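Chain by chain, the residues run as shown.
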Amino acid sequence: MQQVTGGVTAPAGFQAAGIHCGVKAGAQTEKDLAMILSAQECSAAATYTMNRVKAAPIYVTMEHLENGSAWGVIVNSGNANACAPMGQENAKAMCEYAAEATGRDASDFVVASTGVIGQTLNIAAIKKGMPALAQALSPDGADAAASAIMTTDTVKKECAVTCDIGGKTVTIGAMAKGSGMIHPNMGTMLCFVTTDCAIMPDVLTEALHEVVPRTFNRVTVDGDTSTNDMCVVLANGMAGNEQIEWKDDKYSAFTAALCAVCEALARAIAADGEGASHLLTCCVHHARSEESAERLAMSVIGSPLVKSAMFGADANWGRVLCAMGYSKAPFRPEFVDVKFCSAAGEIPVCTMGTGLEFDEDAAKRILSEREIIIDINLNEGGQAAVCWGCDLTYDYVKINGDYRT
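How each quantity is defined
- Residues numbered from 1 in each chain as written.
- Predicted model: local features only at pLDDT ≥ 70, side-chain atom pairs only at ≥ 80, totals over all residues.
- Heavy atoms only, no water.
- Helix = DSSP H or I, 4+ residues; strand = E, 2+ residues; numbered from the N terminus.
- Contact = heavy atoms within 4.5 Å.
- Polar contact = N/O pair within 3.5 Å; in protein donor to acceptor, adjacent residues only side chain to side chain.
- Buried < 20%, exposed > 50% of the residue type's maximum accessible area, 1.4 Å probe, protein only.
- Pairing = 2+ DSSP bridges.
- Axes fitted to C-alpha atoms, helices over the stretch in contact; angles between N-to-C directions.
- Phe/Tyr/Trp six-rings, centres within 6.5 Å; stacked < 30°, edge-to-face > 60°.
- Lys NZ or Arg CZ within 6 Å of the ring centre and 35° of its normal.

A. Structural view of the environment of S368. Structurally, the position occupied by S368 is in the loop between α10 (360–367) and β14 (371–377). Between the alpha carbons of S368 and M86 there is a distance of 48 Å; along the sequence they are 282 residues apart. Setting aside chain neighbours within four positions, we find S368 in contact with H278 and A313. Within the structure, the side chain of S368 is placed 2.6 Å from the backbone oxygen of K364, a separation counted as a polar contact.

B. Fine view of the pairing of β14. Counting buried positions along β14 gives 5 out of 7 residues, so the element sits mostly inside the fold. The pairing of strand β10 (residues 279–287) with β14 spans 7 bridges and is classified as parallel. For C282, the partnering residue across the bridge sits in β14 and is I374. Where strand β11 (residues 337–342) meets β14, 5 bridges bridge the pair, whose relative direction is antiparallel. In the strand pairing of β14, D337 is matched with N377.

C. A look at the sheet that holds strand β12 (residues 345–351). A sheet is described by the order of its strands in space; here 6 strands give the open sequence β13-β12-β11-β14-β10-β15, paired in mixed fashion. The strands lining the two open edges of the sheet, one partner per strand, are β13 (354–355) and β15 (383–390). The sheet strands contacting helix α9 (residues 318–325) are β11, β12 and β14, and the helix crosses β14 at an angle near 60 degrees.

D. Up close: the packing of aromatic side chains. Scanning all chains against the criterion turns up 0 aromatic pairs. A cation over a ring is seen here: R104 above W71, with NZ or CZ 3.6 Å from the ring centre.

Worth remembering: the numbers are spatial, not functional.
This is the structure we're talking about:
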């Protein structure tokens, strides 16, 4: 497996574009409309938010992917088209305008939106901008598309890798957006994955459902699951590999590469959490089960008190055990070891559930690095899980205090 450049257009046969059309009314140059289009019909798979309140594009995409195929993606930022007047009609209209501009059918498109909830989507601006968006489609358009789906994100989130499947080089590319309202039960905020792998739709779905729980489902920024969360994979088969039809060695190689891409994006989303100054990684190992390890790690990474301590570079390990204790996962506190790690070193702070004396200055140096690892050894079994989050800063409240206005 090798990391490459190119994002969603790294795989053969994909083009992308991103433009400003006016959905973000106050920003005259900020991109707010993106498209991805394949040269061939794709096998398609998706996961969606588990929030009971779902945005209109979710339902339209579900309908369009019932046959397991798609040609492209149309997505806007600046407005979530969730709980909004004319929501369904506007989501369908986005697909119709994309179809008219590209010569495809409306049902060939995945549609997504992100931004403010409850406000009417400026569909007129999208209609007006669609011809220019289609004209801008290019094999070099991934960067512009990734920019166009950002809301409170401070950086674009893209990734691509190649791997060998049956003697053929297969490429997987992706872009994602997400910074706040992140505590997913499927995939986080919006993620679009492209690949030139030949793979059956049902097998692609299996792969996605295997990867998402170990990547995007292990990210939390603020405990809020969005109304618009969606993770979609399009596979056009243009790599020329023998089609993957069941869970064999080729499936394992593809799934490993897909997992690598999704994990990279999951980490990027956690690192770019609203107002974040630290990426937090919680590793729980020697657990009785992977499920219990994950539950414990998510509880720690999601704790406001742990997040606040990490912001202050305070090695307050008691908050870690406290968060573990209310996770409802089985473990024996008297067996737990905890240490904090970073590029500056590591420092044990707890052994067998009891505090250790440690150098506070050394701990502060370790906790002042960009990525902090909270390492938890349960000393009970052979399973493990890793989850990602960020610290809680003053800027998180500032960003969300006036997000709508």
